Amino acid sequence: MTKTPLTLYLAAPRGFCAGVDRAIKIVEMALQKWGAPVYVRHEIVHNKYVVDNLRDQGAIFVEELDECPPDRPVIFSAHGVPKSVPAAAQAREMVYVDATCPLVSKVHIEAQRHADNGLQMIMIGHAGHPETVGTMGQLPPGEVLLVETPDDVATVQVRDPQKLAFVTQTTLSVDDTADIVAALQARFPTIVGPHKEDICYATTNRQEAVKAMAPKCDAMLVVGAPNSSNSKRLVEVGARAGCDYAQLVQRATDIDWRALDGITSIGITAGASAPEVLINEVIDAFRDRFDVTVELVETAIENVEFKVPRVLREPA
């Protein structure tokens, strides 16, 4: 039987970013240095395949520090943690390694610097997301106020409208955030913004590739986890950029083939915590069903690399 021709547009950049790469490497190097088990507070990154793979190597994932024994190393996830967490680990004399993405740490440092200058913080982010919890936890309660939408800006109660600064979660939609920033600046004209954009380069690059790819595609799939903020944003960006059908899939088995009936082109990308093996799995599933021609849609080249903490580079 002759397969139907299909143009598969492959976004670049896609998948792992430098922060995710570093976080996974930290867990693997910790297992090599100290042996199993190594404890990890929260999913190291938001991807089931990655977490399961590390679990198979001897990592134990827990939600809170008090679930960890004091005599085994613990790693904090790439999303960052409130200051109270490393303080509690030190109090218990635990060996810990912080895998917080350096770009998230930059936001933490920024928040502290503004607070030291007497400014109250407003954070643009998603309530309950580990990164938001971690950033808000850098300062005492009440010092960081959360807004999720432009409407929230209208009702947020601040201490002094003249003494405000804002930071953002690193994995948000660039366009959505711009609307919230505009609302903040309209209500609080003297509010201080970041020196450099808080939304990380990888999030921005992946969204730009999707914007370039979406108008060409009958449908678009984003490989990523349902709890991955940056992956969900890619779906929204794709739909907004002109792709009628944009869906999130964790892996090839999640593809709804009936919804793709009659398509002649498909766009494929992946969130920053999705490994290339899952992207290839999805491409192979299309090759099984269609006569696929792959076209790369490349909007940026990434060559960023973050060093792992010194403790892992030193011999045991």
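Please refer to the structure placed before this passage.
This text gives an overview of the structure that appears in the document. (Residues numbered from 1 in each chain as written. Predicted model: local features only at pLDDT ≥ 70, side-chain atom pairs only at ≥ 80, totals over all residues. Heavy atoms only, no water.)

1. Section: the overall build of the chain
The helix and strand inventory of the chain stands at 11 helices and 12 strands. Its C-alpha atoms give the chain a radius of gyration of 21 Å, near enough to 20 Å, the size a compact globule of 316 residues would have. Based on the C-alpha atoms only, the size of the chain along its principal axes is roughly 65 × 55 × 30 Å. Of all 316 residues assigned to the chain, the portion counted as buried reaches 51%. Counting every atom, the chain has about 14400 Å² of accessible surface; 50% of that belongs to carbon and sulfur. Looking at the chain, you have 30 positive and 42 negative side-chain charges, and the mean spots of the two groups are 4 Å apart. (Helix = DSSP H or I, 4+ residues; strand = E, 2+ residues; numbered from the N terminus. Rg over C-alpha atoms; globule rule 2.2 N^0.38 Å. Buried < 20%, exposed > 50% of the residue type's maximum accessible area, 1.4 Å probe, protein only. Areas by Shrake-Rupley, 256 points an atom, 1.4 Å probe, with all protein chains shown as cover. Lys, Arg positive; Asp, Glu negative; His and termini not counted. Charge placed at Lys NZ, Arg CZ, Asp CG, Glu CD.)

2. As for the nonpolar core
Residues Val27, Ile44, Leu54 and Ile75 are the most contacted members of the largest nonpolar core, which totals 31 residues. Where this core is concerned, the elements lending two or more residues are α1 (18–34), β2 (38–41), α2 (48–56), β3 (59–62) and α4 (102–116). In terms of residue count, α1 provides more of this core than any other element does, 8 residues in total. The contact partners of Val27, leaving out residues within four places of it in the chain, are Val40, Ile44, Leu54, Ala59 and Ile75. Formed by 23 residues, the second largest nonpolar core is a distinct cluster that contains Leu6, Val249, Leu260 and Ile283. (Core = buried A, V, L, I, M, F, W, Y, C linked by side-chain atoms within 4.5 Å. Contact = heavy atoms within 4.5 Å.)

3. Considerations on empty space enclosed by the protein
A complete count under the given rule lists 1 cavity of 30 Å³ or more for this structure. In this structure, the largest cavity spans a volume of roughly 280 Å³. As for the largest cavity, its lining consists of 25 residues, of which Cys17, Val20, His79, Thr171 and Asn230 are closest to the centre. Mapped by element, the contributors of at least two residues to the lining of the largest cavity are α1, α4, α8 (201–213) and α9 (229–240). When the residues that make up the lining of the largest cavity are grouped by side-chain class, the tally is 13 nonpolar, 11 polar and 1 charged. (1 Å grid on protein atoms, 1.4 Å probe; cavity = no way out; pocket = protein on both sides within 12 Å on 5 of 7 lines; lining within 4 Å. Points joined across faces, edges and corners; volume = space filled by probe spheres on them. Nonpolar A, V, L, I, M, F, W, Y, C, P; charged D, E, K, R; others polar.)

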